[in-house]
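# Inside the fold
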Amino acid sequence: MYPYQYDPRFQNLFPPGGGQGFPPPPPGGGGQGFPPPPPGGGGQGFPPQGGAPPSSPPPAFTPAPKLGSGGPSLYAVDPGAISGCLYRYTYIWPRNGRPYWFYPTFVGRRSVAGYRWTGSFWVYAGVDVNQIREFQCV
């Protein structure tokens, strides 16, 4: 026997067809407040905002940093600048840690989300733009 029983007091909370107070999804939209799926896939599942990972590994070369490997940069990365790298292979030099290939699929006010190359496959990840020292998209 199923441990939960039908209770008529709650029958109108989730009626067939969507429920009370929720408008129908817009044509071509994701419905219920979600944006429509991006051109590369994604949709309502994981990842929540981004497209699908690239179908191939990043380029075999490693770009050279333009700022050089001198002292720390005093400037933060502008989200507007990195938005030009959406859906493009992007090399990231973080303020701390090793540089890596990234494939951004979402740029917010203070963060960037997308896919990070592990050396073998792509994993969904996010990074605060203040933690990026330099980036270059190819």
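Preceding block: the structure.
To start, this report covers the structure provided alongside it.

Rules behind the numbers
- Residues numbered from 1 in each chain as written.
- Predicted model: local features only at pLDDT ≥ 70, side-chain atom pairs only at ≥ 80, totals over all residues.
- Heavy atoms only, no water.
- Pairing = 2+ DSSP bridges.
- Helix = DSSP H or I, 4+ residues; strand = E, 2+ residues; numbered from the N terminus.
- Axes fitted to C-alpha atoms, helices over the stretch in contact; angles between N-to-C directions.
- Buried < 20%, exposed > 50% of the residue type's maximum accessible area, 1.4 Å probe, protein only.
- Contact = heavy atoms within 4.5 Å.

### A look at the sheet that holds strand S2 (residues 100-107)
- Judged by pairing direction, the sheet is antiparallel, and its 5 strands sit side by side in the order S4-S3-S2-S1-S5 without closing on themselves. The sheet is open, and its two edges are formed by strand S4 (122-128) and strand S5 (132-137), each paired on a single side. If you compare each strand with its neighbour and ignore which way they point, the axes differ by 40° on average.

### Describing the environment of Pro94
- With respect to the helices and strands, the residue Pro94 is situated in strand S1 (residues 90-94).
- Accessibility expressed as a relative area gives 13% for Pro94, which makes it buried.
- Linking Pro94 and Val127, residues 33 residues apart in sequence, is a C-alpha distance of 9.3 Å.
- Among all residues touching Pro94, those that are not within four sequence positions of it are Pro99, Tyr100, Gln131, Ile132 and Arg133.

### Side note on the environment of Val77
- Relative to the assigned elements, Val77 resides in the segment before helix H1 (79-82).
- In sequence terms Val77 and Asp128 are 51 residues apart; their C-alpha atoms lie 9.5 Å from each other.
- Setting aside anything within four residues of it in sequence, one finds Val77 in contact with Val129, Ile132, Arg133 and Phe135.

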